[in-house]
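Geometric and topological summary
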Number of protein chains: 4
Amino acid sequence: MGRKRFRVAVLGATGMVGQWLVHLLDRHPWFQVVALTGSDRSVGRPYGEACRWLLSAPMPPWAASMIVQPTEPGFEADLVLSALPSEIAREVEPRFAAAGYLVASNASAYRMASDVPLVMPDVNPDHLDLLSRQREIRGWSGALLTNPNCTTTAVVLPLKALMPYGVRRAHLVSLQALSGAGYPGVPALEIVDNILPYIAGEEEKLEREPRKLLGRLANGAVREADLALSAQTNRVPTLDGHLVCLSVELAERISPEAAMRAMAAYRPPEEVADLPSAVPQPIVVRTEPDRPQPRLDRMAGGGMSVVVGRVQPCPVFTLKFVALTHNTIRGAAGAALFNAEAALRWAGRV
Amino acid sequence: MGRKRFRVAVLGATGMVGQWLVHLLDRHPWFQVVALTGSDRSVGRPYGEACRWLLSAPMPPWAASMIVQPTEPGFEADLVLSALPSEIAREVEPRFAAAGYLVASNASAYRMASDVPLVMPDVNPDHLDLLSRQREIRGWSGALLTNPNCTTTAVVLPLKALMPYGVRRAHLVSLQALSGAGYPGVPALEIVDNILPYIAGEEEKLEREPRKLLGRLANGAVREADLALSAQTNRVPTLDGHLVCLSVELAERISPEAAMRAMAAYRPPEEVADLPSAVPQPIVVRTEPDRPQPRLDRMAGGGMSVVVGRVQPCPVFTLKFVALTHNTIRGAAGAALFNAEAALRWAGRV
Amino acid sequence: MGRKRFRVAVLGATGMVGQWLVHLLDRHPWFQVVALTGSDRSVGRPYGEACRWLLSAPMPPWAASMIVQPTEPGFEADLVLSALPSEIAREVEPRFAAAGYLVASNASAYRMASDVPLVMPDVNPDHLDLLSRQREIRGWSGALLTNPNCTTTAVVLPLKALMPYGVRRAHLVSLQALSGAGYPGVPALEIVDNILPYIAGEEEKLEREPRKLLGRLANGAVREADLALSAQTNRVPTLDGHLVCLSVELAERISPEAAMRAMAAYRPPEEVADLPSAVPQPIVVRTEPDRPQPRLDRMAGGGMSVVVGRVQPCPVFTLKFVALTHNTIRGAAGAALFNAEAALRWAGRV
Amino acid sequence: MGRKRFRVAVLGATGMVGQWLVHLLDRHPWFQVVALTGSDRSVGRPYGEACRWLLSAPMPPWAASMIVQPTEPGFEADLVLSALPSEIAREVEPRFAAAGYLVASNASAYRMASDVPLVMPDVNPDHLDLLSRQREIRGWSGALLTNPNCTTTAVVLPLKALMPYGVRRAHLVSLQALSGAGYPGVPALEIVDNILPYIAGEEEKLEREPRKLLGRLANGAVREADLALSAQTNRVPTLDGHLVCLSVELAERISPEAAMRAMAAYRPPEEVADLPSAVPQPIVVRTEPDRPQPRLDRMAGGGMSVVVGRVQPCPVFTLKFVALTHNTIRGAAGAALFNAEAALRWAGRV
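Note that this is a predicted model, so its numbers are computed, not measured.

Reading the values: rules and limits
Residues numbered from 1 in each chain as written. Chains lettered and ligands numbered in written order. Predicted model: local features only at pLDDT ≥ 70, side-chain atom pairs only at ≥ 80, totals over all residues. Buried ≥ 20, exposed ≤ 12 C-beta atoms within 10 Å, placed from the backbone. Helix = DSSP H or I, 4+ residues; strand = E, 2+ residues; numbered from the N terminus. Pairing = 2+ DSSP bridges. Right-handed = clockwise from strand over helix to strand, strands pointing away. Least-squares fit on C-alpha atoms with pLDDT ≥ 70 in both. Contact = placed C-beta atoms within 7 Å. Axes fitted to C-alpha atoms, helices over the stretch in contact; angles between N-to-C directions. Nonpolar A, V, L, I, M, F, W, Y, C, P; charged D, E, K, R; others polar. Arc of directions from axis to C-beta. Domains from an automatic or database assignment. Parallel < 35°, antiparallel > 145°, perpendicular 65-115°, else oblique. Left-handed = near helix turned anticlockwise from the far one by under 90°.

1. Re the pairing of strand β2 (residues 31-38) of chain B
Residue and element names in this part refer to chain B. Counting buried positions along β2 yields 6 of 8 residues, so the element is predominantly enclosed. Relative to β2, strand β1 (residues 6-11) runs parallel, the two sharing 5 bridges. From the neighbouring strand, Phe 6 faces β2, where its bridge partner is Phe 31. What joins β1 to β2 is helix α1 (residues 16-26), and the crossover it makes is right-handed. Of the strand pairs in this sheet, β2 and strand β3 (residues 69-70) are connected by 2 bridges, and their pairing is parallel. The residue bridging Thr 37 from the neighbouring strand is Gln 69, located in β3.

2. Observations concerning the relation of the copies chain C and chain A
Each copy of the sequence occupies a distinct position, and chain C is placed on chain A by a rotation of 180° and an axial shift of 0.0 Å, giving an RMSD of 0.0 Å. The transformation just described matches what one would write down for a two-fold rotation axis. When the interface residues of chain C are mapped onto chain A, 100% of them are again interface residues, pointing to one common binding face.

3. Some points on the sheet that holds strand β10 (residues 228-235) of chain C
Residue and element names in this part refer to chain C. Spatially, 6 strands are ordered β10-β7-β11-β14-β13-β12 in an open sheet, and the strand pairing comes out mixed. Taken across any chain shown, the strands that pair with only one partner, and hence form the sheet edges, are β10 and β12 (283-285). Mean inter-strand twist for the sheet, computed between neighbouring axes without regard to direction, equals 25°. Sheet topology places strand β7 (residues 167-176) next to β10; 8 bridges connect them, and they run parallel. If you follow Leu 175 over to β10, its bridge partner there is Asn 234. Against the sheet, helix α6 (residues 150-162) engages β7, β10, β11 (242-250), β12, β13 (306-313) and β14 (319-325), with an angle of about 35° to β11.

4. A closer look at the interface of chain A and chain B
Buried accessible area, meaning the area lost when the parts come together, often serves as the stated size of an interface. Listed as interface residues are 36 residues of chain A and, on the opposing side, 36 residues of chain B. Listing elements by their share of the side of chain A that touches chain B, those giving two or more residues are β7 (167-176), β10 (228-235), β11 (242-250), α10 (294-297) and β14 (319-325) of chain A. For the side of chain A that touches chain B, the leading source of residues is β10(A), giving 5 residues. By residue class, the composition of the side of chain A that touches chain B is 21 nonpolar, 8 polar and 7 charged.

5. Observations regarding helix α9 (residues 256-264) of chain B
Spacing of three or four residues puts side chains on the same side of an α-helix, whose turn is 3.6 residues. Residues and elements named next belong to chain B. Of the positions making up α9, those classed as buried are Ala 259, Met 260 and Met 263. For α9, the arc enclosing every buried residue in end-on projection is 100°, short of the 170-degree limit, so these residues lie on one face. Turning to α9, the residues buried within the fold contact α6 (150-162), β12 (283-285), β13 (306-313) and β14 (319-325).

6. A look at the domain arrangement of chain A
Residue and element names in this part refer to chain A. Under the domain assignment, chain A is made up of domain 1 (6-148 + 333-346) and domain 2 (150-326). For domain 1 versus domain 2, the separation of C-alpha centres amounts to 24 Å. Between domain 1 and domain 2, the contact holds 31 residues from the first and 28 residues from the second. Those elements that place two or more of their residues in the side of domain 1 that touches domain 2 are α5 (130-138) and α11 (329-346). When residues of the side of domain 1 that touches domain 2 are assigned to their parent elements, the largest contribution, 7 residues, is made by α11.

7. Considerations on the interface of chain C and chain A
If you look at the interface, chain C gives 15 residues, while chain A gives 15 residues. Each residue belonging to the side of chain C that touches chain A can be placed in one class, and the counts come to 12 nonpolar, 2 polar and 1 charged.

8. Regarding the environment of Met120(D)
Residues and elements named next belong to chain D. You can see Met 120 is positioned in the loop between β5 (102-105) and α5 (130-138). C-alpha of Met 120 to C-alpha of Gln 19: the two residues are 101 residues apart in sequence and 21 Å apart in space. Dropping the residues within four chain positions of it, Met 120 is found in contact with Asn 147, Pro 148, Thr 153, Val 156, Leu 213 and Ala 335.

9. Describing the relation of the copies chain A and chain B
Its rotation angle being 180°, the transformation that places chain A on chain B also includes 0.0 Å of axial translation and leaves an RMSD of 0.0 Å. The fraction of interface residues of chain A whose copies in chain B are also interface residues reaches 100%, indicating that both copies meet through the same surface.

10. Some points on the sheet that holds β2(B)
Residue and element names in this part refer to chain B. Strand order in the open sheet made by the 6 strands is β3-β2-β1-β4-β5-β6, with parallel pairing throughout. A strand with exactly one partner marks an edge of an open sheet, and here the two such strands are β3 and β6 (143-146). Against the sheet, helix α4 (residues 86-98) touches β4 (79-82), β5 (102-105) and β6, its axis set at about 150° to β5.

11. Focus on the pairing of β1(B)
As a general feature of sheets, a regular strand has side chains that alternate between the two faces. Direction of pairing for β1(B) relative to β4(B): parallel, over a ladder of 4 bridges. Bridge pairing in β4(B) links Val10(B) to Leu81(B).

12. Re the packing of α6(C) against helix α9 (residues 256-264) of chain C
Residues and elements named next belong to chain C. The N-to-C vectors of α6 and α9 enclose an angle of 110°; their axes lie 8 Å apart at closest approach. When the axis of α6 is compared with that of α9, the two are roughly perpendicular. Like other packed secondary-structure pairs, α6 and α9 cross with a definite hand, here right-handed. On α9, the residues touching Pro 158, Ala 161 and Leu 162 of α6 are Ala 259, Ala 262 and Met 263. In terms of residue class, the contact of α6 with α9 is made up of 6 nonpolar, no polar and no charged.

13. Quick look at the environment of Pro268(B)
All names here are of chain B. Locating Pro 268 in the fold gives a position in the loop between α9 and β12. Classification of Pro 268 as buried rests on a count of 20 C-beta atoms within 10 Å. Spatially, the C-alpha atom of Pro 268 lies 12 Å from that of Ala 342, the residues being 74 residues apart in sequence. Excluding its chain neighbours within four sequence positions, the residues that come into contact with Pro 268 are Asp 122, Ala 273, Ala 278 and Pro 282.

14. Section: unusual backbone geometry
Leave glycine aside and you will find that most residues have negative phi; peptide bonds, for their part, are mostly trans. Backbone torsion omega between Tyr183(A) and Pro184(A) reads 0°, so that peptide bond is classified as cis. Locating Pro184(A) in the fold gives a position in the loop between β7 and α7 (188-191). With an omega dihedral of 5°, the bond running from Arg291(A) to Pro292(A) counts as a cis peptide bond. Here Pro292(A) shows up in the loop between β12 (283-285) and α10. You will see that Asn219(B), though not glycine, has its phi angle at about 55°, which is positive. Along the polypeptide, Asn219(B) turns up in the loop between β8 (216-218) and β9 (221-223).

The structure is reproduced here in structure tokens:
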């Protein structure tokens, strides 16, 4: 397969997730960035000036000199990666799909739409078939697919590995990093020596999205998994890495050891296992008593593995454990990239 | 009632909880400090030198000049407040009780002993009657009573207020402050840009202690409440204030509004309501979406009120909410003081 | 002197400094708040709703229910305390002074104007005489006086105490707290595990303002002190308390001990010593090797004392030492209040 | 040049600097680790168990399985890298040098000894000639050389580049990271919402070491540079990266632009420029107003470049600017490695 053969545009490239996309695309074997879009404030300026770069890794030079374009169809591209805020995504993404682009979106606007696939390629790649239905219904020459909320990714991979034992319900309490709120995001005055026990809209997403991701596609529709979830979400002063404490009720009463084996043995489905963003071990299981920790473990699998630890019997449900996801890689930019790769595979183009 | 009429000793006075005891005793209307004890390293030195003072409030001058004594019976005192580490408390506290002192301990060593009251005076003051049984069994001329683990206090007050609705089981996830680990405690290198998902021994205490506190005393024994608890505990970089996310299953399906009313209306039992450490409102309920927050709310009721917020229906159990306790006041030093007052009342001395 | 006999308005009451003013005024013996003003977004709403309250101390109930007014003359008040942003202050404050109000401003807009007193009452109360000149020049029936930049206060008090030894020049490096940037201020993403070595406009103020404060008023003008200052300013992740490292060249080579004595012995001039905001010891000197520390020492003198420590011989200049100021009390809200009191004294009204 | 042809031992391998050495050696082209030593507590255990690994990068597998040895001569090695605490280094390092090992030490014990080179290879590689004198005096078959204190590295490189303009004196104020204190180091309770204005022994080192590094070797002795330095050191809650604010007096009054050119143009002397740890640009100059920042800039040049910014005219001296060093790479582990390479070059072995 030739290198850099697909032309890619990043929508909303100046924000936090946009910057991570630019960073990850710098090393991507297939994708060549041809356009970066931004808001009115940024359009017409070089990306290097328009963007307040927040990553420790330096901005790629090719990006610094690109002129930011308006977020409108018009450029030549095979793929569009959207890091737009949800309210803008709601209006703009359908226009791109209608204009023939394949849109892999990180925005929440269309995640729960019945004809839009909500996909993690190593969890439910078969849901990509919804795109056929989408084309029929919407008449788009392009297509739109979405990845889940960042915190959802920490929850779905372990639950997927436990599905054979009958996942019935779960309690989820998250400790979420600052980067999840974008930039400028949380004022330092609010979070030094403090915790914020509230993130707008987050609990609703966390209680709903896993049901669709773990659901079954049949007759052109996803039937959500029969799974009750209760979520409480907190903002804590870490930079990257969302930690989730889970208690899970299973139909079958399995031991922590069996659960650890099932999670560590979980592998991506064959049809996506060779994609550039796939990791051989989507779930890394740690056995030390004090892991995972955000700073030490968030980069497992290049930020694409969820790290699980503290798997114990739960006195109320079956098991309790802790899961960590790199919220801006597996939970956002890397997720959108992985979806774009999977969609190209589904379309038979790779 | 005369001021400062009881002579008090603080065991383990140089540690974090010991310092809070010294601070709170400075303003206490009944108690006069007559002895501060410490480890070999400190004995014989003025407290002001032996102790690395960590509170923002300055050390009281009377304390600075007191000579630290060994942790052995021998001084004249009516009361002993113990801030000893558990392994030392296990050996030393019975010697004090045998020597005739009334010992109010913050240590975990004897909390679950069948003849030792585990008490929060505004929750289960009737458990103090165990002291009669204790005297029979142990033959002590003094007595020993204990307060719960710091995090337990955030859980027990709300559950107590909800007991009329039939509390069946609960999930508890804590975000605990640094001061809970004492001094030196957590190295900064481990907690900046990080979370530690593990606190040794903490989950076990949190799953067990509330059952005793909410249990029923009959025939000289506490029968633990029939209540299943599952706990996951995390260390976060706040200075003071433990936050707990709870999901609670009740026998009766009540609304969040009813639960908030029940918690806000909870009052200390009459026999303890006029004690110096009692607060008229043990549970403060906040209705803003983003409260309680440790830094803003930990000093509610002078640090003796638990603050509850985000009371919502739970998709899995009945209710979910967040509770905050000041871990070194309501959860430790203030708890021991309150217990000492309640024990004096029980003994008919006040 | 009767209590609460002056009617006070706070301009820009919803911001960080405005909130501290409301907090300090709650306990002020002379001042009764009659108006709180805010921006268009806030006007007409109760202060309790319009203001995102950031202090740990709760909002005073009387403030919560006051309706926010536009920042325009029109209300009846004896005094106006201005916490306005500089660009707005520049336009609005003269209108208030012209309309007859006595304006004590925390804004930087007019600090260096030749007919506007820049005052710390325990440093240069005689500069208030500039108000006579101001009235002649401007024709205002009211008056305008200002307090210095927050960091300046940490520098000026120690230098004032050392003036008898001939202060020639000084290097100043600050480590400034988050609250100095107001709200929302510094994004947490920029300051966790980080330092910002830049604060816009701050170095210029710090190199200039002390010269005016330590200058001599003669013939209706302040002649700046002949004193060279070099400043470097940094933002660090503390909540309150600006720390400054100083190296000072004196004409007379004195010992650290002599300097400590001079600073500890510094007293407010008699004409202001009994004002409510005056502290008997404007400079507190600590002799421990590791003090002052922002969290432990910022509340010295109720936040109105500057704390000095680590006084040592300087291998390059004469002395080096560290000074700490509570930036939002001594450095802003408390400074404006103290100025208002001093101006009333100057006007013979108290 | 063959890969991995020198056998290396790391003394004090379980500490913070020892861990960084292990990490950097994993990628080193010349050096093969043959021994890791530790204290009695660690000896005989696999490094992976004995060491509480603190880096985000995982421990190299070869290190995890090595058995920790006592810190005594006895193993076969060409080189010894010492990360020992100073008091142990004082006793042990001479024994290694006497036993024939080439010892590159990070400890402060012998830095100022007249026959021990204190070296940064891209600053004063000629000082290695002191090793001949050392051999004469001490009669060692091996040799001992040292690298400076971590903070010193941030100061010496810029001053070296400015030496042609006549550096006369300088003020230095540091904001130092937590990792500089080793592990466990600073308790989180002391540094959250706080600054510590004191680091034991640090100011003395910072005022002395640059004089030796910038001195002239003649007749078998280093004559210290005639340079007055005044230092104030602070601990701040960053993980890695020491920031220093400097004001420098030069004999020649040059512009900030000229200084920036001189620093950016500084190159390592030819005899060390091709060593594995050499960087082409030892000083990276940033022109943005708010750089360098520890988190964004500490990894410049793989952690071996000092980053300078905010170069401005100084109202008191000639120039003021800010310099950043990665304290555990350029300031410790990388410095010792670079010295070992330079010593091998000096000895004609590479």
